[in-house]
Amino acid sequence: MDWQVLTRELSLYLESQVRVGFLGSGVGLSLVLGFGVAYACYYLNSIAKKPQLVASNDRFCRFLEEYCPVVTETYYPTIWCWEGRVQTLLRPFITSRPQVQYRNELIKTADGGQISLDWFDNNDSSYYPDASTRPTVLLLPGLTGTSKESYILHMIHQSETLGYRCVVFNNRGIAGEELLTPRTYCAANTEDLEAVIHHVHSLHPSAPFMAAGVSMGGMLLLNYLGKTGRDTPLMAAAIFSAGWNVFESVESLEKPLNWLLFNYYLTTCLQSSISRHRQMLEKLFDMDLVMKARTVREFDKQFTSVMFGYRSIDDYYEDASPCRKLKSVGIPVLCLNSVDDVFSPAHAIPVETAKQNANVALVLTSCGGHIGFLEGIWPRKCTYMDRVFKQFVQAVFEHGNKIFSM
């Protein structure tokens, strides 16, 4: 499209529709038109861009170009809220919340705990009426997220239209179930995820099976894949807005503006998620001290790193950083990040490491924030992230044989 022609036609149209007396004189109209044209040019030249696709495997690239073309098309962020922080803040309030009816299941763990799974069985699927072979997507929400998060609901809605089944892995103690042992969760420990994957696969061993993780859920999934390599029942995985290097993530979130907008709120969410289990957790922790934390780092130092037996918070953060395990991923993985995500700074995205693993593809947008990726004038429904999820999941389940022999 010739954008110069577009902006010229836009100017002529506005001049024909707006009276010369607008704002009191033709000067006001000229200013408005000038600003509008300048903003449109800036947006089209600097904001709307094709994402960067990083993949060393030409076969994987061709597969994505053919069956997941959204990763090669220009991403047009919502024109009035394209900045990363704004997208991050507005997404939960702007996007709709599709209605989903779950079937809850509580499974026991080896240490006496329990995990809450929310199933969307999609029994009305016309594409896959046989439940034993219906493709299954395991969804992992973010740090304090559950199956009720809008981005999870949208993923399920996209999966429903394709005929797939979904199951949401809620981290311990966060989805309303009781905490039976003084243990919650973290990004580094994959024991609960391993138990869930084994459980889901054992129920439907003939069903194609993949997973998608968002934010901390993506970090946990990457750490699991780095640990297991090819020894997993998962066919492939999709990762959205993962924090690749936890040291860089917490440093970014501790900058004054980011602390004010995100860090303090996240810390209070973490504290709230454990406060109703206080009686159980007080057996091992000084809960008064934990509840005084004012940053995620302070919370992890007093609570998370201690819970999982790390000698220091640095040891925990090193173990929790997926960038250290990316080389060992043994199945096809598509990872979407925005370079303006304050939760995962651009310089910490492991581009060079990704190039060393033929199973990994990174999709990097210039805008989108953290789990934002809003597009359209009024982005109530589908986001760019939703479209990437839908196309990649469908590509894997319906054409995956073309990449599994890589």
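Residues numbered from 1 in each chain as written. Predicted model: local features only at pLDDT ≥ 70, side-chain atom pairs only at ≥ 80, totals over all residues. Heavy atoms only, no water.

The name given to the protein chain in an unreviewed UniProt entry is Phospholipase ABHD3, and the organism recorded there is Vireo altiloquus. Quoted verbatim from the Sequence similarities (unreviewed entry) field of UniProt, the annotation for the protein chain is "Belongs to the AB hydrolase superfamily. AB hydrolase 4 family." Recorded under Subcellular location (unreviewed entry), the UniProt text for the protein chain is reproduced unchanged: "Membrane". (UniProt positions renumbered as here; feature names shortened; annotations may be inferred.)

## As for the overall build of the protein chain
The number of helices and strands found in the protein chain is 15 helices and 9 strands. For 406 residues, the compact-globule formula gives about 22 Å, and the C-alpha radius of gyration of the protein chain, at 23 Å, lands near that figure. Taken along the three principal axes of its C-alpha coordinates, the protein chain extends 75 × 50 × 40 Å. Expressed as a percentage of contacts within the protein chain between residues at least 6 apart in sequence, the contacts between residues at least 24 apart total 77%. Summed over its atoms, the accessible surface of the protein chain is roughly 17,900 Å², and 54% of this surface lies on carbon and sulfur atoms. Taken together, the 36 basic and 40 acidic charged side chains of the protein chain have centroids lying 1 Å from each other. (Helix = DSSP H or I, 4+ residues; strand = E, 2+ residues; numbered from the N terminus. Rg over C-alpha atoms; globule rule 2.2 N^0.38 Å. Contact = heavy atoms within 4.5 Å. Areas by Shrake-Rupley, 256 points an atom, 1.4 Å probe, with all protein chains shown as cover. Lys, Arg positive; Asp, Glu negative; His and termini not counted. Charge placed at Lys NZ, Arg CZ, Asp CG, Glu CD.)

## Focus: the domain arrangement of the protein chain
According to the domain assignment, the protein chain contains domain 1 (46–244 + 325–404) and domain 2 (246–320). At the interface, 32 residues of domain 1 touch 28 residues of domain 2. Summing both partners gives a buried area of about 2,400 Å² for domain 1 against domain 2, and 67% of it is carried by carbon and sulfur. The largest share of the area that domain 1 buries against domain 2 comes from Arg85, Pro182 and Phe343, three residues that together contribute 23% of it. Where domain 1 touches domain 2, the interface holds 2 salt bridges. The tally of links from domain 1 across to domain 2 stands at 10 residue pairs in polar contact (both at pLDDT 80 or more). Contributing elements (two or more residues each) for the side of domain 1 that touches domain 2: α4 (84–94) and α7 (216–228). (Domains from an automatic or database assignment. Buried area = accessible area lost by both parts, 1.4 Å probe. Salt bridge = Lys/Arg side-chain N within 4 Å of Asp/Glu carboxyl O. Polar contact = N/O pair within 3.5 Å; in protein donor to acceptor, adjacent residues only side chain to side chain.)

## Regarding the pattern of salt bridges
With the rule as written, the count across this model stands at 16 salt bridges. Notably, a salt bridge pairs Arg85 with Glu83, separated by 3.2 Å at the nearest N-O pair. Judged by relative accessible area, which is 26%, Arg85 ranks as partly exposed. By relative accessible area, which is 27% here, Glu83 ends up partly exposed. Of the charged contacts, one joins Arg387 and Glu375 as a salt bridge, the two residues approaching to 2.8 Å between their closest N and O atoms. Placement of the pair is Arg387 in helix α15 (residues 384–399) and Glu375 in the loop between β9 (360–365) and α15, with a sequence separation of 12 residues. For Arg387, a relative accessible area of 24% translates into the label partly exposed. Residue classification places Glu375 among the buried positions, given a relative accessible area of 13%. (Buried < 20%, exposed > 50% of the residue type's maximum accessible area, 1.4 Å probe, protein only.)

## Describing the packing of helix α8 (residues 246–253) against helix α13 (residues 313–320)
For the pair α8 and α13, interaxial distance at closest approach is 8 Å and the crossing angle is 110°. Taken together, the axis directions place α8 and α13 in an arrangement best described as roughly perpendicular. Contacts between α8 and α13 involve Val246, Phe247 and Val250 on the former and, on the latter, Asp314, Tyr317, Glu318 and Ala320. Within the contact of α8 with α13, the residues separate by chemical class into 5 nonpolar, no polar and 2 charged. (Axes fitted to C-alpha atoms, helices over the stretch in contact; angles between N-to-C directions. Parallel < 35°, antiparallel > 145°, perpendicular 65-115°, else oblique. Nonpolar A, V, L, I, M, F, W, Y, C, P; charged D, E, K, R; others polar.)

## Observations regarding the sheet that holds strand β5 (residues 165–170)
An order of β1-β9-β8-β7-β6-β4-β5-β3-β2 is seen for the 9 strands of this open sheet, with the pairing classed as mixed. Unpaired on one side and paired on the other, β1 (52–54) and β2 (103–108) mark the two borders of the sheet. Looking at each pair of strands side by side, their axes are set apart by 20° on average, direction ignored. Of the strand pairs in this sheet, strand β4 (residues 136–140) and strand β6 (residues 209–214) are connected by 5 bridges, and their pairing is parallel. Within β6, the position partnered with Leu140 by the bridge is Gly213. Each of β1, β8 (333–338) and β9 touches helix α3 (residues 58–67); the most contacted strand, β9, lies at about 50° to it. Relative to β6, α15 is tilted by about 165°, and along the sheet it contacts β4, β6, β7 (237–240), β8 and β9. (Pairing = 2+ DSSP bridges.)

## Regarding the pairing of β4
Burial within β4 is extensive, with 5 of its 5 residues counted as buried. In β4, alternate side chains face the same way, and those of Thr136, Leu138 and Leu140 on one face and Val137 and Leu139 on the other are all buried. The pairing of β4 with β5 spans 4 bridges and is classified as parallel. Within β5, the position partnered with Leu139 by the bridge is Val168.

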